[in-house]
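A structural walkthrough
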Amino acid sequence: MKKIAAIIFFFISLIVSAQSEQLALDYYEKGEFEKALTLLEQIGTKQPSNYYFFQKIIDCYQQLEQFDKAEKAILERKKRYDQPILYIDLGYNYQLQKEENKAVKQYELALKEIENQPAYAYQIGSGFEKKVLVEWALKAYEKGQEVNPELNFDYQIALLQGQLGNIELMTDKLLDFAYEKQDNTAIVQNYLIRFIADEAQSTFLNYLKKTLLLRTQKKQDVYWNQFLSWLYVQQKEYGKAFIQEKAIYKRNPESLDAILSLAYMAVDDKQQTDAISILEYVLENTNDVSQQVAAHTLLMQLKIEEATPSEYAKIDADLNHLLEKFGFQSTAINLIKLQAHFKAFYLNQPQESSLLLNKALKLRLNNREISEIKIELADVLLFDEKFNQSILYYAQVEENMKNDVLAHEASMKMAKANYYKNDFDWALQQVKVLKQSSSLLIANDAVELFLLIKDNSYEDSTRVALTSFAKADLLLYQNKEEQALSGFVSILEKYKGDTIEDETLYRVATIYSKRKEYQKAIDYYNQILDHHADGIYVDEALFFSAEIYRKYLDDPEKAKPLYEKMIFEHADSIYFTEARKQFRILRGDANL
């Protein structure tokens, strides 16, 4: 019985002690230093060797300007424990009292400890850092490496140089560290991204590119080609990344996977010229059937996106030829999906497309491939206005791929299907959830659909304008551009000044842009900027107007102020990063 009582007492003591520690730290965090100190001193008495709580006690003394007590406590601890970091604590206590000479003497004693024992360098350097004594921290790390060259503090030194504004030194040290400790390359790259993304650091970006180029030339190590390729990918300069990836492949021609991945990124970012060059290189250099299928599928996808109706027959024949070449099997599943999509959305053959996809579902496929085929099948059924069947397939994917991006994609498409069939309330419930999606694009689409339905339900409870808009939107989804355009223009005439107007202007501008009638597109984007400056399509109107001026009308001077307005007024836009990049180029910041 006595043993049980002792055990219970022991555990109660632990709980009380933990509560006391938490309360002390809560007071400390809130800046209630007198209350915190009372508890911390009690904890310090019970745990005299605990440096963590000792440091908090010293900080409380200093916050309360009880410098004598702090000094006495530090000196007493120095007698008891051999901890070089106490020199920093004592020096900092002097510094707070503006006794600089005494402070410097203690800091130098701390550095002296490194000469005797280089292993102290990290502890002492970190101690200086915590007190924001950046230059002293630098001395500590450099001293450690000087006494023992096997120690590597390049990462710590790099970050400190960055704090001091020595960006070039920071960059060099980070790259040295990454090369010596290649397992930490991702850590270095993640740190560099902060500077790459900073509008004020364009000089840093130029220096980083230059120094990486020099390292690729001087050291002839593929590591630097890989690093430079990574940087170009961050900047979406896929053509330049391709040059580096080719250099890597020529020295180590084992796999074209990295180059093929680059092609996918170029396709996603609509950089067709670079994508085609990369894909043609893959086809010239691979005997791998899966890579051949992937490259051909992407090339056909790019052809379809740029094709006119007069070219559809040739594309259909090419797709048939490729499928005959590679066979109707699981290795060609993406090619099968592309052919099915083309038949439905371009040749207006939804029944043939559905037959093709149902046949594909009988192949030996994994769960993800089955879900991808079902999404494509649902898309085709939606094209054919078989809404309920379409929704059923989307729901199956949503159920089978829970917590996967495919499930979110299926949910968004299901919401759109309900919207097209004019079941606006149900669509609204679905997009409410999807607004929180981890996928930025899906979340953005969900917000747009949510606002479209919500904004056009208040003034018009019968939703007549919204119904007309959804009908025109469905025609646009079905690739029936002329009919969709007619529907949207009719809405602009009937509902001029209504809340539906800015969404309709955006749709019309998008259609004209796709048809390469760029000046008409600009005119409609301008109407959004002039009459709906508080609407949700302002960032799109600014960005796509700038893109048209830069890419197609060869008028960079008109593009530049539009990009600039995007940067300063729409930092939360999904187009922000690309707008900033293009603005820098037009301003002359990015020369490499």
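For the structure, check the block above.
Since the model is a prediction, treat every value here as computed from it, not as a measurement. (Residues numbered from 1 in each chain as written. Predicted model: local features only at pLDDT ≥ 70, side-chain atom pairs only at ≥ 80, totals over all residues. Heavy atoms only, no water.)

Along its length, the protein chain carries 32 helices and zero strands. Rg of the C-alpha trace for the protein chain: 32 Å, well past the compact-globule value of 25 Å for 592 residues, more than 25% over. With respect to the principal axes defined by its C-alpha atoms, the protein chain has extents near 90 × 60 × 60 Å. When each of the 592 residues of the protein chain is scored for burial, the buried share is 48%. Surface accessibility of the protein chain: about 30,700 Å² in total, with carbon and sulfur atoms responsible for 50%. Taken together, the 71 basic and 89 acidic charged side chains of the protein chain have centroids lying 4 Å from each other. (Helix = DSSP H or I, 4+ residues; strand = E, 2+ residues; numbered from the N terminus. Rg over C-alpha atoms; globule rule 2.2 N^0.38 Å. Buried < 20%, exposed > 50% of the residue type's maximum accessible area, 1.4 Å probe, protein only. Areas by Shrake-Rupley, 256 points an atom, 1.4 Å probe, with all protein chains shown as cover. Lys, Arg positive; Asp, Glu negative; His and termini not counted. Charge placed at Lys NZ, Arg CZ, Asp CG, Glu CD.)

Given 3.6 residues per turn, any residue in an α-helix points the same way as the ones three and four places further on. With 14 residues, helix 4 (residues 67–80) ought to run about 20 Å at 1.5 Å a step, and its terminal C-alpha atoms sit 20 Å apart, in line with that. Every buried residue of helix 4 is listed here: Phe 67, Ala 70, Ala 73, Ile 74 and Arg 77. The buried residues of helix 4 all sit within an arc of 125 degrees when viewed along its axis, so they share a single face. Of the residues in helix 4, the exposed ones pointing more than 90 degrees away from the buried face are Asp 68, Lys 72 and Lys 79. The inward-facing, buried residues of helix 4 contact helix 3 (51–63) and helix 5 (85–96). (Expected span 1.5 Å × (residues − 1). Arc of directions from axis to C-beta. Contact = heavy atoms within 4.5 Å.)

Here the focus is the layout of surface pockets. Space inside the second largest pocket adds up to approximately 380 Å³. Taken together, 17 residues line the second largest pocket, and the ones lying closest to its centre are Gly 44, Phe 54, Ile 57, Ala 73 and Glu 76. No other element matches helix 4, which puts six residues into the lining of the second largest pocket. (1 Å grid on protein atoms, 1.4 Å probe; cavity = no way out; pocket = protein on both sides within 12 Å on 5 of 7 lines; lining within 4 Å. Points joined across faces, edges and corners; volume = space filled by probe spheres on them.)

With that settled, consider the packing of helix 16 (residues 272–285) against helix 17 (residues 289–306). Between helix 16 and helix 17, whose axes approach to 9 Å, the crossing angle comes to 150 degrees. When the interaxial angle is binned, helix 16 and helix 17 end up roughly antiparallel. The hand of the helix 16/helix 17 crossing is left-handed. Within the contact between the two elements, helix 16 uses Gln 272, Ala 275, Ile 276, Leu 279, Val 282 and Leu 283 and helix 17 uses Gln 291, Gln 292, Ala 295, His 296, Leu 298, Leu 299, Leu 302, Glu 305 and Glu 306. For the contact of helix 16 with helix 17, a count of residues per class yields nine nonpolar, four polar and two charged. (Axes fitted to C-alpha atoms, helices over the stretch in contact; angles between N-to-C directions. Parallel < 35°, antiparallel > 145°, perpendicular 65-115°, else oblique. Left-handed = near helix turned anticlockwise from the far one by under 90°. Nonpolar A, V, L, I, M, F, W, Y, C, P; charged D, E, K, R; others polar.)

Let us now look at the environment of Leu 111. Among the structural elements, Leu 111 can be located in helix 6 (residues 100–116). Sequence spacing of Leu 111 and Trp 136 is 25 residues, and the spatial spacing of their C-alpha atoms is 8.7 Å. In contact with Leu 111, other than residues within four places in its own chain, are Phe 128, Trp 136, Lys 139, Ala 140 and Lys 143.

Moving on to the packing of aromatic side chains. Summed over the entire model, instances satisfying the criterion amount to 36 aromatic pairs. Ring geometry for Tyr 107 versus Trp 136: centroids 5.2 Å apart, planes at 55 degrees, classification tilted. With Tyr 107 in helix 6 and Trp 136 in helix 8 (residues 134–147), the pair connects residues that are 29 residues apart, well separated along the chain. Taking relative accessible area as the criterion, Trp 136 reaches 15% and is therefore assigned buried. Their ring planes at 80 degrees and their centres at 6.3 Å tell us that Tyr 249 and Tyr 281 sit as a pair that is edge-to-face. Taken together, the residues span a long stretch of sequence, with Tyr 249 in helix 14 (residues 238–251) and Tyr 281 in helix 16 at a distance of 32 residues. (Phe/Tyr/Trp six-rings, centres within 6.5 Å; stacked < 30°, edge-to-face > 60°.)

This brings us to the pattern of salt bridges. The final tally for this structure, using the stated rule, is 30 salt bridges. Of the charged contacts in the structure, one is a salt bridge between Asp 473 and Arg 507, with a shortest N-O distance of 2.8 Å. Residue Asp 473 is located in helix 26 (residues 464–477), and its partner Arg 507 is located in helix 28 (residues 501–514); the two are separated by 34 residues in the primary sequence. For the pair Asp 473 and Arg 507, a shared accessibility class is recorded, and that class is buried. Between Arg 515 and Glu 482 there is a salt bridge, and its shortest N-O distance comes to 3.2 Å. Pair noted here: Arg 515 is in the loop between helix 28 and helix 29 (518–531) and Glu 482 is in helix 27 (residues 481–494), with a separation of 33 residues, a long-range link. On the basis of relative accessibility, which here comes to 52%, the residue Glu 482 falls in the exposed class. Put simply, Glu 482, Arg 515, Glu 517 and Lys 520 are held in one network by salt bridges that share partners. (Salt bridge = Lys/Arg side-chain N within 4 Å of Asp/Glu carboxyl O.)

Here the focus is the packing of helix 17 against helix 18 (residues 312–326). Taken N-terminus to C-terminus, the directions of helix 17 and helix 18 make an angle of 170 degrees; their axes are 11 Å apart at the nearest point. With respect to their mutual orientation, helix 17 and helix 18 come out roughly antiparallel. Mapping the contact onto sequence places Val 289, Gln 292, Val 293, His 296, Met 300, Lys 303 and Ile 304 in helix 17 and Ile 315, Asp 318, Leu 319, Leu 322, Lys 325 and Phe 326 in helix 18. Its residues assigned to classes, the contact of helix 17 with helix 18 shows eight nonpolar, two polar and three charged.

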